[in-house]
Amino acid sequence: MAMNAARLRKIVVCKDLGSAMPLLTERDDLEVIRWTEDRPCDRAWLLENVVGASGIVVCFQDQVDRELVNAAGPSLRVVSTISVGYDHIDLKVMAEHKIQIGYTPDILTDAVADSAVMLALMASRRTGETTSFVKNNQWPVFNWMPFAFCGPQLSTTPFSPTRTVGFLGFGRIAHAVLARLAAFGITHCIYTPRPGAAPQPARDAQLQARHRLAALTPVDLPTLARASDVLFVLAPGGARTRHLVDAPFLRQMKATSVLVNNGRGSVVDSAALARALAEGWIWGAGLDVVDEEPEVTAAHPLVGEPRCVVIPHIGSATLETRAEMAGLTAQNVLAGVLGEPVPVALEY
Ligand code: DGY
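Scoring rules and cut-offs
Residues numbered from 1 in each chain as written. Predicted model: local features only at pLDDT ≥ 70, side-chain atom pairs only at ≥ 80, totals over all residues. UniProt positions renumbered as here; feature names shortened; annotations may be inferred. Helix = DSSP H or I, 4+ residues; strand = E, 2+ residues; numbered from the N terminus. Rg over C-alpha atoms; globule rule 2.2 N^0.38 Å. Buried ≥ 20, exposed ≤ 12 C-beta atoms within 10 Å, placed from the backbone. Domains from an automatic or database assignment. Contact = placed C-beta atoms within 7 Å. Nonpolar A, V, L, I, M, F, W, Y, C, P; charged D, E, K, R; others polar. Axes fitted to C-alpha atoms, helices over the stretch in contact; angles between N-to-C directions. Parallel < 35°, antiparallel > 145°, perpendicular 65-115°, else oblique. Left-handed = near helix turned anticlockwise from the far one by under 90°.

Per an unreviewed UniProt entry, the protein chain carries the name Glyoxylate reductase and comes from Mycena rosella. The record held by UniProt for the protein chain lists under Sequence similarities (unreviewed entry) the comment "Belongs to the D-isomer specific 2-hydroxyacid dehydrogenase family."

What follows is the structure in structure tokens.
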């Protein structure tokens, strides 16, 4: 039997959680208000519906700021985001109001690492150009030539026995990428540590031994730019990382290098990258995230670049991982509104 409306705890859901929704909707002690359209949740709808909510389910497209927290009012206990990234959440405001944050680290690590390696291969082996070539009916008139459509090889070869992989952002996903690249015979790994972070020689020695690397070294940004054959951007977004990859950075990269971004679009200056590709400062780019997303159309300069492979922020989009993420997001918000410990809570 339905409980008195006044005793129902309200949860506003900005993203449909698919098979995990019944965890919330089948309870008679919750009122679940859902954004059901197939596009990012309208801010005005959210501000109107969040009044009196105990929990909110968001994704990285929804800004969780003072305006939203004030609109919800003092009942708000938890924000559960279906993402590992949390640069869309104002941590200062959350701390002021003692609101818990649920998020989904770890379970998406492998899916994102897989897609990072995929993008590195696609960008170096010119998949954007070659798939367009076939779609444009050019294969039948193509005179196969030894050097047509060649690109730099990701794996080492007896003739090219060293390969340096660089990481801007060296957390869990970077480590999972490195593990995959060990099979490609990568010999050297460099990364830039988070500003102010203590050096981690023991961890680095362990990673180096595990992946049989000749060297694994923390470096500064200019060295990262200059020495990487493949550079993976896996840094979080926010003011501290905004446009770290800009024109001066890109100008220092090798002409045969490939840039992959699976972190946040804001870390890479799109205009500078488009110029770097058009003028051959670097070989190619594989992007899962773009600064201007989701406003990335065929007219975007990066989409028009033949050596740029762009996919629409789907690094974690496997059937298995998204189901896990949705389940955890529902569990996190449920625990938070019931006043129980949130299963995977951000420490902040
Ligand atoms: C995240 O989790 O932060 C990704 O960007 C979306 O899967």
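Enquirer: Help me understand the overall build of the protein chain in this model?
Expert: The number of helices and strands found in the protein chain is 12 helices and 12 strands. Here the C-alpha radius of gyration of the protein chain, 22 Å, is about what a compact globule of 348 residues would show, namely 20 Å. Classification of the 348 residues of the protein chain by burial places 41% in the buried group.

Enquirer: Can you walk me through the domain arrangement of the protein chain in this structure?
Expert: Many analyses report the size of an interface as the accessible area lost when the parts associate. When its domains are assigned, the protein chain resolves into domain 1 (5-105 + 320-337) and domain 2 (109-310). A straight line from the C-alpha centre of domain 1 to that of domain 2 covers 33 Å. Domain 1 puts 4 residues into the contact, and the matching count from domain 2 is 6 residues. The residue inventory of the side of domain 1 that touches domain 2, partitioned by class, reads 1 nonpolar, 2 polar and 1 charged.

Enquirer: What is the right way to read the packing of helix H5 (residues 109-124) against helix H7 (residues 172-182) from this model?
Expert: To describe two helices that pack against each other, one gives the angle between their axes and the distance between the axes. One way to put it is that H5 packs onto H7 with a least axis distance of 8 Å and a crossing angle of 55°. Considering the angle they form, H5 stands oblique to H7. By crossing handedness, the relation of H5 to H7 is classed as right-handed. Of H7, the residues touching H5 (which contributes Thr-109, Asp-110, Val-112, Ala-113, Ala-116 and Val-117) are Arg-172, Ile-173, Ala-176, Val-177, Arg-180 and Leu-181. When its residues are assigned to classes, the contact of H5 with H7 shows 8 nonpolar, 1 polar and 3 charged.

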